[in-house]
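These are the residues of each chain, in order.
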Amino acid sequence: MSQVTKAVIPAAGLGTRFLPYTKAVAKEMLPIVDKPALQLIVEEIVASDIREILIITGRNKQNIENHFDRVYELEHILEQTGKFDSLKIVNEITDMADIHYVRQKEARGLGHAILCARYFVGDAPFAVLLGDDVVYTGDGTPCLKQLLDCFEQKQKTILGVQRVDRDKVNKYGIVTAGRSEGRVHEVISLVEKPNVEEAPSNIAVLGRYVITPEIFTYLETQEPGAGGEIQLTDALMKMCRDHGMYAYEFEGKRYDIGDKLGYLEATVEYALRDPVLSDGFKAYLKKISSKL
Ligand code: UTP
């Protein structure tokens, strides 16, 4: 039985929905209260018992590598001034996992980004977590761990899905589901961003995958699709025909932080969950909402 020991985070996209911020800074480094979104994703991976992580980066993404690296000067000052709580926070980030980087030289699409992970992954199943999708599960099972548990049973590619509003299906990869057992659906087919009228269902692929290594054979020959980009969904669709795959309806609240509204929702809801900020922030929201 194959074990999943590696995770890949594609974070090399241009982030055009978040311009001008993304002109010089990675959207994956947007703060959700006090942590970059990417750190929340790395924490989810570590909480799912995976320690080897590859981040696919691009131009303007150097701050990603800096965030997970040592900053001796800062550590020294925090130690000298007795700020041990802050020092602990800084050190935990560096010690969290074994993080590798590869640069996608051109943002040619998510499928192309995953192909850049080929040599890191080798011939084993691997996890993929999109760098702009954050999933909150609180004290529950981390989203990736839910998918890994499903993979352990099925030993086939698992897509993390949730049902979305019918009028939003044109923003996602949408699954045609076959037989279902509880949260697990057999995948018959997949379509990237279908028209609302033509969508086969409202079961949307939301930024979490466990993928078997055959995907690289399909990605190698994948022609550009929607938006002129090499789409992961197109390669998955072909692989589904030949090898079969499953969709798992994960539990948790997912935020698309690459979208301005999604980012604002994440920021507000994480702040409301923060034990230190919660009361003051709630009072402020109540005050301004009465004027809306
Ligand atoms: P998105 O489609 O959400 O990212 O890709 P984008 O292309 O940066 O977004 P917009 O539409 O221009 O605003 C999902 C994830 O895949 C990564 C992104 O960084 C994001 O985390 N990605 C996308 C790559 O790594 N490389 C690419 O060529 C495209």
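Structure: see above.
Rules behind the numbers
Residue positions within a chain follow its written sequence, with the count starting from 1. Under the rules for a predicted model, residues below a pLDDT of 70 receive no local features and side-chain atom pairs below 80 are neither given nor counted, while totals for whole chains, interfaces and linings still include all residues. Values shown for side chains rest on all heavy atoms present in the structure; no hydrogens or waters enter the calculation. The way it works is that DSSP assigns letters per residue, a run of H or I at least four long becomes a helix, a run of E at least two long becomes a strand, and they are numbered from the N terminus. Burial classes follow relative accessibility: with a 1.4 Å probe on protein chains only, a residue under 20% of its type's maximum area counts as buried, one over 50% as exposed, and anything between as partly exposed. One speaks of a salt bridge when a side-chain nitrogen belonging to Lys or Arg is within 4 Å of a carboxyl oxygen belonging to Asp or Glu. With axes taken as lines fitted to C-alpha atoms, and helix axes fitted only over the stretch in contact, angles between N-to-C directions fall between 0 and 180 degrees. Note on terminology: angles under 35 degrees are roughly parallel, angles over 145 are roughly antiparallel, angles of 65 to 115 are roughly perpendicular, and the others are oblique. Note: crossing handedness is left-handed where the near helix turns anticlockwise from the far helix by less than a right angle, and right-handed where it turns clockwise. Should any heavy atoms of two residues lie within 4.5 Å, those residues are considered in contact. Three residue categories are used. Nonpolar comprises Ala, Val, Leu, Ile, Met, Phe, Trp, Tyr, Cys and Pro, charged comprises Asp, Glu, Lys and Arg, and polar comprises the others, including Gly. For each residue, the test is whether any non-hydrogen atom lies within 4 Å of the molecule or strand; if one does, the residue is near. As used in this structure description, the phrase polar contact means that two N or O atoms lie within 3.5 Å; if the pair is within protein, one of them must be able to donate a hydrogen and the other to accept it, and residues adjacent in sequence are counted only when both atoms belong to side chains. The method behind every accessible area is Shrake-Rupley, applied with a 1.4 Å probe, and residues are considered shielded solely by the protein chains displayed.

Participant: Explanation requested: unusual backbone geometry in the structure shown.
Facilitator: Keep in mind that most residues, glycine aside, have a negative phi and that most peptide bonds are trans. At the junction of L19 and P20, the peptide bond is cis and its omega measures out at 5° in the coordinates. Here V33, not a glycine, exhibits a phi torsion of approximately 60°, which is positive. Note that V33 resides in the loop between β2 (31–32) and β3 (35–36). Of note, the phi angle at D49 is positive, near 70°, even though the residue is not glycine. Considering the arrangement of structural elements, one finds D49 in the loop between α1 (37–47) and β4 (52–57). A residue is classified by how much of its surface remains accessible, and D49, at 59% relative accessible area, is exposed.

Participant: What am I meant to see in the pattern of salt bridges here?
Facilitator: Opposite charge on two side chains allows them to pair when their charged atoms are near. Scanning all chains against the criterion turns up 19 salt bridges. When the shortest N-O distance is used, the salt bridge between D132 and R17 registers 3.7 Å. With D132 in the loop between β6 (126–129) and β7 (133–136) and R17 in the loop between β1 (6–10) and β2, this residue pair connects regions lying 115 residues apart in the sequence. Relative accessible area serves as the criterion here: at 11%, D132 is assigned to the buried category. For K27, the salt bridge goes to D132, with nearest N and O atoms at 2.8 Å. With a gap of 105 residues between them, K27 in the loop between β1 and β2 and D132 in the loop between β6 and β7 connect regions that are remote in the sequence. For the pair K27 and D132, a shared accessibility class is recorded, and that class is buried.

Participant: What am I meant to see in the packing of helix α3 (residues 72–80) against helix α4 (residues 84–95) here?
Facilitator: When two helices pack together, you describe them by how their axes are tilted relative to each other and by the distance separating the axes. Between α3 and α4, the shortest axis-to-axis distance is 8 Å and the interhelical angle comes to 155°. By the angle between their directions, the pair α3 and α4 is classed as roughly antiparallel. Relative to α4, the crossing made by α3 is left-handed. Residue-level contacts link L74, E75, L78 and E79 of α3 to F84, S86, L87, V90 and N91 of α4. Taken together, the residues of the contact of α3 with α4 sort by class into five nonpolar, two polar and two charged.

Participant: Is there a simple way to explain the site of the ligand in this structure?
Facilitator: The local shell around the ligand holds 19 residues, among which G15, T16, E28, Q104 and G109 are the closest. Between R17 and the ligand, the recorded distance is 2.8 Å, taken from a backbone N or O atom to an oxygen atom. When the ligand sits alone it has 570 Å² of accessible area, and the protein chains cover 85% of it. Grouping the constituent residues of the shell around the ligand by class yields eight nonpolar, six polar and five charged.

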